[in-house]
Amino acid sequence: MKKQISVAIDSPAAAGAGTQAKLIAKYYNLFYLDTGKIYRFVGYLKIKYKKEFNYTLVKKKIKNLKVKELQKKKLLSNKVATVASIIAKDKKIRKIVHNFQKKCAYKPPKNFSGSILDGRDITSVIMKDAMFKFFITANIKTRAKRRFKELKSLDIKTSYNEVLKSIKKRDKNDYNRKISPLKKTKDSILINTTNLTKRSCFLKIKLIMDKKLNF
Ligand code: C5P
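Description of the structure in this document. None of these values were measured; they are calculated from a predicted model.

Observations concerning the site of the ligand
No. 1: Of all residues adjacent to the ligand, which total 14 residues, the nearest are Arg 40, Arg 94, Asp 121, Arg 170 and Asp 174.
No. 2: Contact between the ligand and Thr 35: a nitrogen atom at 3.0 Å from a side-chain N or O atom of the residue.
No. 3: Asp 121 places a side-chain nitrogen or oxygen 2.9 Å from a nitrogen atom of the ligand.
No. 4: Its free accessible area being 460 Å², the ligand has 95% of it covered by the protein chains.
No. 5: At the level of elements, α2 (36–49) and α8 (160–176) are the ones that each hand at least two residues to the shell around the ligand.
No. 6: For the shell around the ligand, the class distribution of residues is three nonpolar, four polar and seven charged.

Dropping the structure here:
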């Protein structure tokens, strides 16, 4: 049996990790999971259910969660993102979403040649033994500019300053939390996308992967 390809990516918000993960997934035929969307989904539940929101509700919703549900526009707002980064500090919430991520990482659908996950604790917790580990980053203004452009193109009402504020807040939450904080593990390859186009960044990653895969 051919060895499955596994790719783990961590990154602060809006650094381009999702874009690169999609390009890599397409090129190498990998199953892709944007793990941030799961935390956004839980953040969305917290906003929607307010007082009824509790661990039992989250467990039930995650149990019935289809990957398709994670592609919905309702998960993209700054508000959902900020609430996501708050609930993501909760140990019990992280435990509930852990198995869903592990399943996607280690048991991708059979028609794929492996899996690729991106998030905040993928290289350090979820896929510690991944064949490839990347830490993708960019300076904060570039990240805010890109996310603002993206939200605008999706007709989501916001301003550059609002996006910048939300990203700063999330960086603070994600880098400083006690459980599974965002960090670059020693064995991850650093990719700074600040001055790279999507294509040149992809080619850089592809070069690294092809070398190891003997393509
Ligand atoms: O990647 P995205 O910006 O959509 O993630 C939303 C939030 O979910 C992050 O700011 C972070 O707090 C949380 N998250 C996490 N662990 C992951 C992925 C996302 O804590 N693996």
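With respect to the pairing of strand β1 (residues 5–10)
No. 1: The element β1 is extensively covered by neighbouring structure, given that six of its six residues are classed as buried.
No. 2: Here β1 shows a buried face lined by Ile 5, Val 7 and Ile 9 and a second buried face lined by Ser 6, Ala 8 and Asp 10.
No. 3: Relative to strand β3 (residues 114–119), β1 runs parallel, the two sharing six bridges. The residue of β3 that forms the bridge with Ile 9 is Asp 118.
No. 4: Bridging between β1 and strand β4 (residues 132–137) involves four bridges; their strand directions are parallel. In the sheet register, Val 7 faces β4, and the bridge partner there is Phe 132.

Notes on the sheet that holds β3
No. 1: Strand order in the open sheet formed by five strands is β2-β3-β1-β4-β5, and the pairing between neighbours is parallel. Each edge of the sheet is formed by a strand with only one pairing partner; in this case those strands are β2 (31–34) and β5 (189–192). Geometrically, the sheet is characterised by an average inter-axis angle of 20 degrees between neighbouring strands, direction not taken into account.
No. 2: On the sheet, helix α5 (residues 91–106) packs against β2 and β3 and is oriented at approximately 140 degrees with respect to β3.

Topic: the nonpolar core
No. 1: Grouped together as the largest cluster of nonpolar side chains are 32 residues, with contacts concentrated most on Val 42, Phe 53, Ile 62, Leu 70, Phe 100 and Met 127.
No. 2: Here this core gets seven residues from one element, more than from any other, and that element is α2.
No. 3: Beyond its immediate sequence surroundings of up to four residues, Met 127 is in contact with Ser 6, Val 7, Ala 8, Ala 105, Tyr 106, Ser 115, Leu 117, Ile 122 and Lys 133.
No. 4: Within the second largest apolar cluster, 22 residues are counted, among which are Val 7, Ile 116, Phe 134 and Ile 191.

Cut-offs applied
- Residues numbered from 1 in each chain as written.
- Predicted model: local features only at pLDDT ≥ 70, side-chain atom pairs only at ≥ 80, totals over all residues.
- Heavy atoms only, no water.
- Near = heavy atom within 4 Å.
- Polar contact = N/O pair within 3.5 Å; in protein donor to acceptor, adjacent residues only side chain to side chain.
- Areas by Shrake-Rupley, 256 points an atom, 1.4 Å probe, with all protein chains shown as cover.
- Helix = DSSP H or I, 4+ residues; strand = E, 2+ residues; numbered from the N terminus.
- Nonpolar A, V, L, I, M, F, W, Y, C, P; charged D, E, K, R; others polar.
- Buried < 20%, exposed > 50% of the residue type's maximum accessible area, 1.4 Å probe, protein only.
- Pairing = 2+ DSSP bridges.
- Axes fitted to C-alpha atoms, helices over the stretch in contact; angles between N-to-C directions.
- Contact = heavy atoms within 4.5 Å.
- Core = buried A, V, L, I, M, F, W, Y, C linked by side-chain atoms within 4.5 Å.

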